[in-house]
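Here is how the chains run, residue by residue.
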Amino acid sequence: MPTPTLTQSIVITLIQCLLVVIFVFVVVPLTVFAERKVLGHLQQRLGSTRVASGHVGITGWMNRGMWKWGRIPVLSYWRGIPGLVADVLKLILKEDILPAKADKFVFFIAPALSMVAAVVVFAAVSFVPGVFFTFPAWFPFVGGLPVSGGIADINVGLLWILGVASVGVYGIVLAGWASNSKYPLLGGLRSAAQMVSYEVPLAMSLLAPVVLSASLNFGEMSARMATGLPFWGLVPQILGFLIYLTCGFAETNRLPFDMPEAENELVAGFHTEYSGMKFGFFYLAEYINMTVVAALASGFFLGGPWLLPFGLQGLVNPYIPAALSWFAEPHAIFFVVKIIFILFTYIWVRGTIPRYRYDQVMSVAWKYLIPMALFNLLLAAVVRCFAV
Amino acid sequence: MEHLIETIGRNMFAIFGVMALCGAAFMVASRSAVHSVLGFLFAMLCIAGCFLSLEAEFLGMAQILVYAGGIVVLFLFVVMLVEMSKKTEKEVFQLQSRYAVLVVLAGAAVFVGVFRKVIFGAASPDALVLRPELAKGLNVAQQNAQAVSRGLFADYLLPFEILSVILLVALVGAVVLAKTERV
């Protein structure tokens with residue numbers, strides 16, 4: 001296998017970045033659509049159906065046929081997808097309003113900060129161990145070169161993820177401040193307090209995988225968590241997963257912890273004064289952050305690119321027959337499916353659990369989640385000490 | 001092209017250093033306190049870049065996590081809560097400026113005095129000097145998180161614990177102050 005020159009490796013990295021951005025920009029609109037649909041069905045309605053191409057062409061014919069055949073609205077679930085295009089067009093074409101006494105520079109930079117902090121986290125995420133694919137020989141400039149399954153194989157990947165994610169809070173706080181308006185400021189301050197306090201149990205729940213796998217590298221951690229743990233490693237993993245997921249909901253400001261927005265208290269929270277694509281950036285950043293949390297949860301707790309979650313893969317692997325060895329190996333598709341499952345869980349929880357009061361949100365973090373995360377860390381250390 | 005990229009890569013430390021200085025200058029010069037915090041944030045991120053260009057990944061990431069993600073957020077919080085009007089802000093800054101120059105000069109003198117060996121002496125060939133029995137089986141250049149942890153929890157355990165006691169004292173002091181004010 002040829003070794004790439006410096007320029008070639010930079011080009012490969014750029015291509016990887018492009019692939020990740022494409023992945024994100026495919027997943028995010030589909031999540032938005034799924035949110036409308038799943039929430040709709042959780043509330044006994046159909047979700048968005050109005051902007052549809054379901055009346056014409058072959059899909060319209062199939063839709064009508066299915067409906068006539070047995071009142072089955074299967075294909076009509078996909079009606080409303082053109083609404084996504086309409087949404088994006090609306091965001092781009094809408095007038096970009098700057099409030100009269102807003103701080104122009106900070107008002108401009110806040111959505112960019114949120115967005116950048118959300119996307120850059122993916123640098124340390126490894127989608128599949130080793131080589132993802134090899135460029136075919138006819139490919140210009142980088143033909144025949146391998147592309148690894150993650151952009152940057154940093155040996156302190158977890159710290160990179162936590163650090164960059166913690167920079168994302170600036171976007172919200174600065175947006176609230178720069179708008180020069182009461183509701184956004186309240187939303188921004190609330191969210192600063194909320195995100196800073198939930199960062200603590202989040203980081204602590206991720207310490208359990210660090211202790212169990214003795215590494216800070218994303219790829220190594222997910223490999224050891226999936227395949228290299230004894231039976232007792234299950235307990236801290238499952239408990240840690242629940243704590244992590246709760247904190248992840250709070251970090252991404254999703255229901256039941258959507259204090260920064262809380263539309264019946266704060267109009268729309270920190271992005272009240274934003275319109276057009278600046279609001280679009282916050283909207284995108286929220287969904288990208290959800291994808292990031294889902295990627296981390298699936299990488300550290302749900303076995304990453306391996307099939308089975310919580311380290312079961314390592315326990316089951318010796319009993320998998322050779323004919324089914326495809327299921328014993330890591331594949332990027334498993335990773336993506338787990339991300340999609342957790343995104344679905346986000347929507348599911350949103351449709352199920354009502355919003356907490358602000359003081360309840362804070363007491364959940366400090367009184368319950370942090371002690372639980374510490375206990376989980378202790379469990380992980382005990383497992384590491386006696387069972388590994 | 002190859003040559004250009006290599007040159008940039010070799011001078012990454014200088015690039016990030018100049019950027020950090022620019023951020024610091026913006027922090028000092030800007031009129032609005034929130035803009036100052038933004039300049040501080042930029043400087044902190046660039047210092048993390050400096051650490052990264054020296055292959056100290058752990059320190060660089062800790063810099064981002066602790067300073068950019070924690071301490072500067074607190075600064076921003078305080079600045080936003082203690083919102084001063086533009087005029088008082090200006091007066092306070094003008095009052096402070098001549099003392100600030102003195103303090104900076106004194107600080108620079110102390111810094112050079114403490115680190116004169118590092119600045120003017122010969123460059124040290126080792127990235128991190130651990131006791132040989134601690135460094136056994138460890139590639140310091142590649143695993144600097146492990147190397148730092150071995151240094152902290154074996155070689156310098158006592159100073160490290162004493163430092164944490166000092167932090168605890170500060171915490172207790174904060175709690176006491178907050179309590180007495182409320183009564």
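Only a predicted model underlies this, so the values are computations on that prediction, with no experimental measurement involved. (Residues numbered from 1 in each chain as written. Chains lettered and ligands numbered in written order. Predicted model: local features only at pLDDT ≥ 70, side-chain atom pairs only at ≥ 80, totals over all residues.)

1. Section: the overall build of chain B
Within chain B one finds seven helices and zero strands. Listed by position from the N terminus, the elements making up chain B come as α-α-α-α-α-α-α. Scored against the burial criterion, the 183 residues of chain B give a buried share of 20%. (Helix = DSSP H or I, 4+ residues; strand = E, 2+ residues; numbered from the N terminus. Buried ≥ 20, exposed ≤ 12 C-beta atoms within 10 Å, placed from the backbone.)

2. Some words on the overall build of chain A
Each helix and strand in chain A was counted, giving 13 helices and two strands. Here chain A has a C-alpha radius of gyration of 22 Å; the compact-globule value for 388 residues is 21 Å, and the two agree. Across the 388 residues that make up chain A, the buried fraction comes to 45%. Across chain A, contacts joining residues at least 24 apart in sequence account for 79% of those joining residues at least 6 apart. (Rg over C-alpha atoms; globule rule 2.2 N^0.38 Å. Contact = placed C-beta atoms within 7 Å.)

3. A look at the interface of chain A and chain B
Often, the extent of an interface is quoted as the loss of accessible area upon association of its parts. On the side of chain B, 22 residues touch chain A, which itself brings 23 residues to the contact. For the side of chain A that touches chain B, the secondary structure elements donating two or more residues are α1 (6–42), α5 (157–178) and α6 (182–213) of chain A. Residue classes in the side of chain A that touches chain B are distributed as 18 nonpolar, five polar and no charged. (Nonpolar A, V, L, I, M, F, W, Y, C, P; charged D, E, K, R; others polar.)

4. Here's the deal with α1 of chain A
Residue and element names in this part refer to chain A. Taking 1.5 Å as the rise per residue, α1 with 37 residues should run 54 Å; its terminal C-alpha atoms sit 52 Å apart, in good agreement. Listed as buried for α1 are Gln16, Val27, Val28, Thr31, Glu35 and Lys37. In this structure, the buried side of α1 is in contact with β2 (146–150), α10 (276–300) and α12 (332–352). Backbone geometry just after α1 places Gln44 at a positive phi near 60°. (Expected span 1.5 Å × (residues − 1).)

5. Thoughts on the nonpolar core
Grouped together as the largest cluster of nonpolar side chains are 121 residues, with contacts concentrated most on Ala297 of chain A together with Met44 of chain B. When neighbours within four sequence positions are excluded, Ala297 of chain A is seen to be in contact with Phe241, Tyr244, Leu245, Gly248, Leu302 and Ile342 of chain A. (Core = buried A, V, L, I, M, F, W, Y, C linked by C-beta atoms within 7 Å.)

6. Brief notes about the confidence of the model for chain B
When pLDDT is low, close inspection of the predicted coordinates is not appropriate. Confidence in the prediction of chain B, expressed as mean pLDDT, is 80, and 79% of residues score 70 or more. Model confidence for the complex: the whole-complex pTM is 0.83, and ipTM, which rates the interface, is 0.79. (pLDDT = per-residue confidence, 0-100.)

7. Some points on the environment of Leu185 of chain A
Residues and elements named next belong to chain A. Summarising the element assignment, Leu185 is placed in helix α6. Once the C-alpha coordinates of Leu185 and Ile172 are considered, the two residues, 13 residues apart in sequence, prove to be 9.6 Å apart. Those residues in contact with Leu185 that lie beyond four places of it in its chain are Gly176 and Trp177.

8. Some details on the packing of α1 of chain A against helix α1 (residues 2–10) of chain B
Two quantities define a packed helix pair, namely the angle between the helix axes and the distance between the axes. In contact at an axis separation of 9 Å, α1 of chain A and α1 of chain B are set at 75° when each is read in the N-to-C sense. One way to sum up the angle between α1 of chain A and α1 of chain B is to call them roughly perpendicular. From α1 of chain A, Leu6, Thr7 and Ile10 of chain A reach across to α1 of chain B, where they touch Glu2, Ile5 and Glu6 of chain B. Class assignment for the residues of the contact of α1 of chain A with α1 of chain B results in three nonpolar, one polar and two charged. (Axes fitted to C-alpha atoms, helices over the stretch in contact; angles between N-to-C directions. Parallel < 35°, antiparallel > 145°, perpendicular 65-115°, else oblique.)

9. Notes on the environment of Val18 of chain B
Turning to its location among the elements, Val18 of chain B is positioned in helix α2 (residues 12–29). As for Val18 of chain B and Cys50 of chain B, which are separated by 32 residues in sequence, their C-alpha atoms are 10.0 Å apart.

10. As for the confidence of the model for chain A
Residues of chain A with pLDDT of at least 70 account for 93%, and the chain-wide mean is 82. The weakest mean pLDDT in chain A belongs to helix α9 (residues 263–266) of chain A at 66; the strongest belongs to α12 of chain A at 89.

11. Some words on α6 of chain A
Compared with an ideal rise of 1.5 Å per residue, which puts 32 residues at 46 Å, α6 of chain A spans 47 Å between its outermost C-alpha atoms and is within 8% of the ideal. Of the residues flanking the end of α6 of chain A, it is Ala214 of chain A, one or two places downstream, whose phi is positive at about 55°.

12. Structural notes on unusual backbone geometry
Residue and element names in this part refer to chain A. With phi around 60°, Gln44 is a residue other than glycine that occupies positive phi space. Mapped onto the secondary structure, Gln44 falls in the loop between α1 and α2 (57–70). Residue Gln44 is classed as exposed on the basis of its C-beta count, with 6 C-beta atoms lying within 10 Å.

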